[in-house]
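# Summary of the model geometry
One letter stands for each residue in the lines below.
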Amino acid sequence: MPTIEGTAVRKLVIACDAGMASSVLMSVQLRKSLGGVVVEHSPLDAIPADADVVLTHGKLADRVRETAGDRPVISYDQVIGDPAVAEMVRAIRAGEPISA
């Protein structure tokens, strides 16, 4: 299971399928919550090589894991208020390990 320390997260990518509307909304929210971390959205088949953590909808998680390599992939089900996203933000802020 890929793991990264929260203190090492410099770039978080939200991978999505075609639309990108929900990933854009989530990226705005996360930029506010994670000052100092670059937050971008990307199609799931074009995840930037310099991404430290990849966030994606639960329905896309298996596909994203195929292309994410050794980076943690965090899946969420709700764009707003998802517990997995809240835990990831908490771990980054606290400098704790993030696994997925």
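Higher on the page you've got the structure.
Residues numbered from 1 in each chain as written. Predicted model: local features only at pLDDT ≥ 70, side-chain atom pairs only at ≥ 80, totals over all residues. Heavy atoms only, no water.

### What about the overall build of the protein chain?
If you tally the helices and strands in the protein chain, you get three helices and six strands. Each helix (α) and strand (β) of the protein chain, taken in turn from the N terminus, gives the series β-β-α-β-β-α-β-α-β. Whereas a compact globule of 100 residues would reach a radius of gyration of roughly 13 Å, the protein chain reaches 12 Å, a difference of no more than 12%. In terms of overall dimensions, the protein chain has a C-alpha envelope of 35 × 25 × 20 Å along the principal axes. Evaluated residue by residue, the protein chain yields a buried proportion of 42% over its 100 residues. Of the contacts made within the protein chain by residues no fewer than 6 positions apart, 64% connect residues no fewer than 24 positions apart. Summing over all exposed atoms, the protein chain offers an accessible surface of approximately 5,100 Å²; the carbon and sulfur share of this is 54%. Of note, the protein chain has its 10 positive side-chain charges centred 6 Å away from the centre of its 13 negative side-chain charges. (Helix = DSSP H or I, 4+ residues; strand = E, 2+ residues; numbered from the N terminus. Rg over C-alpha atoms; globule rule 2.2 N^0.38 Å. Buried < 20%, exposed > 50% of the residue type's maximum accessible area, 1.4 Å probe, protein only. Contact = heavy atoms within 4.5 Å. Areas by Shrake-Rupley, 256 points an atom, 1.4 Å probe, with all protein chains shown as cover. Lys, Arg positive; Asp, Glu negative; His and termini not counted. Charge placed at Lys NZ, Arg CZ, Asp CG, Glu CD.)

### Observations concerning the nonpolar core
Within the largest apolar cluster, 19 residues are counted, with the highest numbers of intra-cluster contacts made by Leu 12, Leu 30, Leu 55 and Met 88. Elements supplying a minimum of two residues to this core: strand E2 (11-16), helix H1 (21-33), strand E4 (53-57), strand E5 (73-76) and helix H3 (83-94). Counting residues per element, this core draws most heavily on H3, at five residues. Ignoring anything within four residues of it in the chain, the contact list for Leu 12 reads Leu 30, Val 37, Val 38, Val 39, Glu 40, Val 53, Leu 55, Met 88 and Ile 92. Counting 10 residues, the second-largest nonpolar core is a separate cluster that includes Ala 15, Leu 44, Val 54 and Val 73. (Core = buried A, V, L, I, M, F, W, Y, C linked by side-chain atoms within 4.5 Å.)

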